[in-house]
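Commentary on secondary and tertiary structure
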Amino acid sequence: MAKYILLLNWTDQGAKSVKESANRYDAAKEAAKKAGCTLETIYLTFGQYDLVGVLDAPSDDAAATFNLRLGMGGNIRGVTLKAFPEADYRRIIGGV
C-alpha cells in the first residue's frame, strides 16, 4: 500500500456546516474502504490548510477514485501528495 498525504481546505459550504465535519469524516472513512483504501487519520490544523489526512491506497487509481468521491461532496478541496517511506526514499536517492 502506498501512502498519500491529503492537504485539505473547507469550501464555503464545508465551513458553513463545520459542526457536521466529524460525521463527514466518518463517511470519508467508509468511502475510502469502498475504494479499497484506508483513511488512517485526519488532523485539524491551522495555517494554510484546515485539515491534513493520511491515506493508504493500493494504487494511484484507488487514491484518485477516493479523492474524486470526496470532492463530489462539495465540502472540501485539496492537494494530494504521494509519500515515499524511508526505505524507498533511501533507494531512490541512492540511484541518483
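To be clear, the structure that these remarks concern was listed above.
Quick summary incoming for the structure in this document. (Residues numbered from 1 in each chain as written. Predicted model: local features only at pLDDT ≥ 70, side-chain atom pairs only at ≥ 80, totals over all residues. Heavy atoms only, no water.)

Here's the deal with the environment of Tyr43
The condition that has to hold: Here a helix means four or more residues in a row that DSSP labels H or I, a strand means two or more in a row labelled E, and each is numbered from the N terminus. Per-residue accessibility, obtained with a 1.4 Å probe over protein chains only, is compared with the maximum for each type, and a residue is labelled buried under 20%, exposed over 50%, and partly exposed between these values. By definition in these notes, contact holds between two residues if any of their heavy atoms fall within 4.5 Å.
Looking at the secondary structure, you find Tyr43 in strand 2 (residues 38-44). The partly exposed category is assigned to Tyr43, whose relative accessible area is 48%. Put simply, Tyr43 and Ala64 are 21 residues apart on the chain and 20 Å apart in space, counted from C-alpha to C-alpha. Setting aside chain neighbours within four positions, we find Tyr43 in contact with Asp50, Leu51 and Val52.

What to know about the pairing of strand 2
Here is the rule we go by: Only strands that DSSP links by at least two bridges are regarded as paired with each other.
Strand direction decides the pairing type here: strand 2 and strand 3 (residues 51-57), joined by six bridges, are antiparallel. Following the sheet pairing, Ile42 is matched in strand 3 by Gly53. Between strand 2 and strand 3, which follow one another and run antiparallel, lie six residues, and Gly47 among them has a positive phi close to 120 degrees.

Some remarks on the pattern of salt bridges
Here is the rule we go by: We define a salt bridge as a contact between a side-chain nitrogen of Lys or Arg and a carboxyl oxygen of Asp or Glu at a distance within 4 Å.
Across all of its chains, the model carries seven salt bridges by this definition. The residue Glu40 makes a salt bridge to Lys3 at a minimum N-O spacing of 2.3 Å. Of this pair, Glu40 sits in strand 2 while Lys3 sits in strand 1 (residues 2-10); the two residues are 37 residues apart in sequence, bridging distant segments of the chain. Using a relative accessible area of 37% as the deciding quantity, one classes Glu40 as partly exposed.

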